[in-house]
Amino acid sequence: MLFPELCDLFGDQANTELLLRALPDAEAVRTPLRARPAFLDRHIDLVYMGSTTERGQALAAAALAPLGPEIESRIDAGARFLATGNSLEIFGKYIDCGGGERIDGLGLFNVYARRDMAHRYNGLFLGKYGDIDIVGFKSRFSHLYDTETAPQAAGARDFLFDTVKGAGRRPGDSREGLRRANLMATYVLGPLLILNPLFTKKLLIDMGAPNAELPFERAAMASYEARLREFENPKTGFEY
Amino acid sequence: MKGAGVFLGRIRFILALLSGKLTRAALRALGRNASYLPGAVALRLCPDFLARADKPGRIIAVTGTNGKTTVCNLIIDLLARAGVRTLNNALGSNTAAGIASALLAGSGIMGRSKFQTAVFESDERSAKRLFPFIKPDHLVITNLFRDSIMRNAHPEYIAGIIESALPETTKLILNCDDLISSSLSPSSPRAYFGIERMPGDVTRCVNRINDIRLCPACDGELVYDHRRYHHIGRARCPECGFRSPEPDYTGADVDFGAMTMTARDADGEGVYELLSDSVFNVYNQLTAIAVMRELGYPHSRIREGFGAGVGILESRYSEERAGDVTVVMQMAKDRNALACSRAFDYVASRPGGKELILMMNNLHDSKNWSENVCWLYDCDFEFLNRDDITRIVATGPRARDYYYRLLLAGVPEERLRCSDSELSAPGLLELRRGESVYILYGTDAIELAELVRAETKHLAEVTAP
């Protein structure tokens, strides 16, 4: 877990808690802000980073910036990452904070985030990960845009979910999140893995634990299916 | 041209004043609550209405995440007991329109204020629309915690909004046990209140929410000398020496057995009877005491006020007997992980066997979209995993989410029940003799909670031997 003292808003910590319960023999490695991330020096099955404040983004980006090339090389070598909420913005080129202020990102994607503190976007999200339905919530001050200098190649799949309803990287964009090798990042915040047991089971398989059991899977599925029905209902409003 | 602008502004204000008063009169003639619309009309016609309106000579504003209504009402009641009539928005909205409505209600036909003192509860997000115009003499910030994800994002955001709206002359009354709010606007005049170390204080955070872990000065990791809950406590930074400020008004010798507390400051002290045995209400009471002391009232006078019946709003907590069961209504603000965690902590601390009905659903969300349930995983449901909590009924539109959350919190499945309908929930209780039923409900479900209470009481009475 990267910077758990900073990146733990909106119930995000429940994601790693769920994984640790499904994988009782797993070791939890918590990297605080001023420490060198463990995944740079040894194999880590999953690096998780959760939502943070705007100041937290600046601190996290500054902490990771000197490690950018190493991080990129680990990701391209297959290191598995999951980033939720606004932590995904750190993986882009930069965050435009408004007023001429800018936070440099890791530059792993040809995108940038534009922040507007006067307008908070709140919405539901219904999407697809392959044939798995994804449900979630979004709440943020920023959206993601392609950089002008290097737009995405037509058909390039550098996003995580296909949007069915709600906003993807920004309202009107059906691409949601970011994907590069085993790095997965999504604007869906909070307990993504709790809300999406099928996605979580797929993740566990990909992590090399096909027999891992989700705790209370029946209750998880009941909650998921009820929510999926609500989200699929055409009468359900999707923006707050 | 400038003169014309001033003239037009004045005309606009007069029009807004008259329209607001007419709206108010019309609503009252219809028997409706006139606590929002008159102000909204006035602001629509005259966007700087709050700046232009005549205001009482002394204004106390209360804001913060939790406790502002309670603190506001305590201050209003204490001042009333001291013979001071206050203009306030206790019965209405805490937004700009609500305060504008209060100013309309508290002024004569020509707009002159009929009051010398105002006590306004202020929504934190409305700070920019309020404070630069009403310029409070005192601004109380009860605390800053995580609140609605959708509206309030996170405490740093709210702190930024409040700080950017503060007039230079406003004196802040701040909780020194809350490093987020107490760090606001370092150049503003201020006084601090805080509670000294209590039995039961910890150093490590046992809550899921801990909103400030890094030093505000150097981003080093904070160390807590003692911690009450979440980030509330006294902290310091081993790297740069930063530490929590010292209180000007201290809550000392808090004794939940004797139900007393000593409130101490540089000019004296008083022993007060506690209004409630919950720590967050001790803070609320101490906050009110600090404000009254800032206004110059001696402890003896403030104690008299409490003794004359000043207390905590009934709508937030009440208990009554039904048959052999005690039925307790406990408001637990919906979509607010921290408020619910505090409610859970309180319920867990109560003696005896307990059954719970959890109905903190936001009914408005359930009608119009689907409630954002991320807050459930910031909330300390783990506090409910106790042997003396023998049954928990998860009910309402989010019943399955509560049920799953409770399982993940370690609550044995045999103690759990699930009901889509809140009104069916009491039928799933065991109603054991001598035990209590706690109904935890959200802010827009008061009427529904009353129906659930009535049904619970009915069942408790008919099953009594």
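Residues numbered from 1 in each chain as written. Chains lettered and ligands numbered in written order. Predicted model: local features only at pLDDT ≥ 70, side-chain atom pairs only at ≥ 80, totals over all residues. Heavy atoms only, no water.

K.L.:
Help me understand the overall build of chain A in this model?
P.N.:
Looking only at helices and strands, chain A features six helices and 12 strands. In summary, chain A has a C-alpha radius of gyration of 17 Å against a globular reference of 18 Å for 240 residues, a match within 12%. With the C-alpha coordinates of chain A rotated into their principal frame, the extents come out at 50 × 45 × 35 Å. Burial statistics for chain A: of 240 residues in total, 59% are counted as buried. Nonlocal contacts in chain A, meaning residues at least 24 apart in sequence, comprise 70% of its contacts between residues at least 6 apart. Counting only carbon and sulfur atoms, one obtains 50% of the accessible surface of chain A, whose full area is about 9,600 Å². Treating the 29 positive side-chain charges of chain A as one cloud and the 32 negative ones as another, the clouds have centres 1 Å apart. (Helix = DSSP H or I, 4+ residues; strand = E, 2+ residues; numbered from the N terminus. Rg over C-alpha atoms; globule rule 2.2 N^0.38 Å. Buried < 20%, exposed > 50% of the residue type's maximum accessible area, 1.4 Å probe, protein only. Contact = heavy atoms within 4.5 Å. Areas by Shrake-Rupley, 256 points an atom, 1.4 Å probe, with all protein chains shown as cover. Lys, Arg positive; Asp, Glu negative; His and termini not counted. Charge placed at Lys NZ, Arg CZ, Asp CG, Glu CD.)

K.L.:
Looking at this model, I keep getting lost on empty space enclosed by the protein. Mind explaining?
P.N.:
Rolled over the atoms, a probe as big as a water molecule pinpoints where empty space is left. All names here are of chain A. Summed over the entire model, instances satisfying the criterion amount to five cavities of 30 Å³ or more. By volume, the largest cavity is sized at about 90 Å³. Glu 54, Asn 86, Arg 120, Arg 140 and Phe 141 are the residues nearest the centre of the largest cavity, which is lined by 15 residues in total. Looking at the lining of the largest cavity, the elements that each hand over two or more residues are helix 2 (54-64) and strand 7 (132-140). A per-class count over the lining of the largest cavity returns three nonpolar, seven polar and five charged. The space that makes up the second largest cavity amounts to roughly 70 Å³. (1 Å grid on protein atoms, 1.4 Å probe; cavity = no way out; pocket = protein on both sides within 12 Å on 5 of 7 lines; lining within 4 Å. Points joined across faces, edges and corners; volume = space filled by probe spheres on them. Nonpolar A, V, L, I, M, F, W, Y, C, P; charged D, E, K, R; others polar.)

K.L.:
Sorry if this is basic, but what is going on with the environment of Ala266(B) here?
P.N.:
Residues and elements named next belong to chain B. By the secondary structure assignment, Ala 266 is in the loop between strand 10 (260-265) and strand 11 (268-273). Look at Ala 266 and you get exposed, because its relative accessible area is 80%. Each C-alpha atom, one on Ala 266 and one on Gly 92, is 36 Å from the other, the two residues being 174 residues apart in sequence.

K.L.:
What is the right way to read the sheet that holds strand 16 (residues 416-419) of chain B from this model?
P.N.:
By definition, the strands of a sheet pair up through backbone hydrogen bonds, in either a parallel or an antiparallel sense. Residue and element names in this part refer to chain B. In spatial order, the strands read 12-13-17-14-15-16; together these six strands make up an open sheet with mixed pairing. Each having just a single partner strand, strand 12 (317-322) and strand 16 make up the two edges of the open sheet. The mean angle between the axes of side-by-side strands here comes to 15°, regardless of whether they run parallel or antiparallel. Two strands pair when backbone bridges link them, and strand 12 and strand 13 (residues 325-331) are joined in this way by six bridges, in the antiparallel orientation. Bridging from a neighbouring strand, Glu 320 pairs with Val 327 of strand 13. Sheet contacts for helix 14 (residues 399-408): strand 14 (354-359), strand 15 (389-395) and strand 16; angle to strand 16, the most-contacted strand, approximately 165°. Against the sheet, helix 15 (residues 446-463) engages strand 12, strand 13, strand 14 and strand 17 (436-441), with an angle of about 170° to strand 13. (Pairing = 2+ DSSP bridges. Axes fitted to C-alpha atoms, helices over the stretch in contact; angles between N-to-C directions.)

K.L.:
For this particular structure, what's the right way to read the packing of aromatic side chains?
P.N.:
The geometry of two aromatic rings is summed up by the distance between their centres and the angle between their planes. As enumerated under the stated definition, the model contains 16 aromatic pairs over all chains in all. Pairing Phe125(A) with Phe161(A) gives two aromatic rings, centres 6.1 Å apart and planes at 35°, and the pair type is tilted. Highlighted residues: Phe125(A) in strand 6 (residues 121-129) and Phe161(A) in strand 9 (residues 161-165), separated in sequence by 36 residues. Over the ring of Phe141(A) we find Arg120(A); its NZ or CZ atom is 4.5 Å from the centre of that ring. If you follow Arg342(B) out to its NZ or CZ, it ends over the ring of Tyr229(B), 3.9 Å from the centre. (Phe/Tyr/Trp six-rings, centres within 6.5 Å; stacked < 30°, edge-to-face > 60°. Lys NZ or Arg CZ within 6 Å of the ring centre and 35° of its normal.)

K.L.:
Would you mind showing me how to read a nonpolar patch on the surface here?
P.N.:
Residues and elements named next belong to chain B. Where nonpolar side chains cluster on the molecular surface, the patch consists of Ile 14, Leu 18, Ile 109 and Met 110 and spans about 420 Å² of accessible area. Residue placement: Met 110 occurs in the loop between helix 5 (96-105) and strand 3 (117-121). Here Met 110 falls in the exposed class, since its relative accessible area comes to 68%. (Patch = residues over 30% accessible without salt bridge, like charges linked within 9 Å, V, L, I, M, F, W, Y side chains within 5 Å. Salt bridge = Lys/Arg side-chain N within 4 Å of Asp/Glu carboxyl O.)

K.L.:
I tried to follow helix 5 (residues 197-206) of chain A on my own but got confused; where do I start?
P.N.:
Counting along an α-helix, one turn takes 3.6 residues, and residues three or four places apart therefore face a common direction. All names here are of chain A. Turning to helix 5, its buried residues are Pro 197, Phe 199, Thr 200, Leu 203 and Leu 204. The arc enclosing the buried residues of helix 5, seen along the axis, measures out at 155°, which places them on a common side. Where helix 5 ends, the next residue or the one after it, Gly 208, has phi of about 95°, a positive value. (Arc of directions from axis to C-beta.)

K.L.:
In this structure, what is going on with the nonpolar core? I would like to understand it.
P.N.:
The tendency in soluble globular proteins is for nonpolar side chains to be buried as a group. Residue and element names in this part refer to chain B. If you look at the biggest cluster of nonpolar residues, it comprises 120 residues, and the most contacted ones within it are Phe 344, Leu 358, Met 360, Phe 381 and Leu 440. Here the element with the most residues in this core is helix 10 (residues 279-294); it accounts for nine residues. Sequence-distant contacts of Met 360, defined by excluding residues within four places in its chain, comprise Ala 332, Asp 334, Cys 340, Phe 344, Trp 375, Phe 381, Tyr 402, Leu 440, Tyr 441 and Gly 442. Grouped together as the second largest cluster of nonpolar side chains are 51 residues, Ala 97, Phe 131, Ile 180 and Leu 184 included. (Core = buried A, V, L, I, M, F, W, Y, C linked by side-chain atoms within 4.5 Å.)

K.L.:
So what exactly am I meant to see when it comes to the layout of surface pockets here?
P.N.:
Taken as a whole, the second largest pocket spans an internal volume of roughly 840 Å³. As for the second largest pocket, its lining consists of 34 residues, of which Pro155(B), Glu156(B), Tyr157(B), Ala159(B) and Gly160(B) are closest to the centre. Contributing elements (two or more residues each) for the lining of the second largest pocket: helix 2 of chain A together with helix 8 (155-165) and helix 9 (179-182) of chain B. Sort the elements by how many residues they give to the lining of the second largest pocket and helix 8 of chain B lands first, with eight residues. Of the residues in the lining of the second largest pocket, the class split is 15 nonpolar, eight polar and 11 charged.

K.L.:
Teacher, can you tell me more about the sheet that holds strand 2 (residues 86-88) of chain B here?
P.N.:
Residues and elements named next belong to chain B. Spatially, the nine strands line up as an open sheet ordered 2-3-1-4-5-6-9-10-11, and their pairing is mixed. A single partner strand is all that each edge strand has here, and the edge strands are strand 2 and strand 11. Recorded for the sheet is a direction-independent mean angle of 20° between the axes of neighbouring strands. Note: strand 9 (residues 249-255) against strand 10, four bridges, orientation antiparallel. Residue pairing in the sheet places Gly 251 in a bridge with Ala 263 of strand 10. Here helix 4 (residues 68-81) sits on the sheet and contacts strand 1 (58-63), strand 2 and strand 3; the angle it forms with strand 3, its principal contact strand, is near 165°.

Remember that the coordinates give geometry; whether it matters functionally is a separate question.
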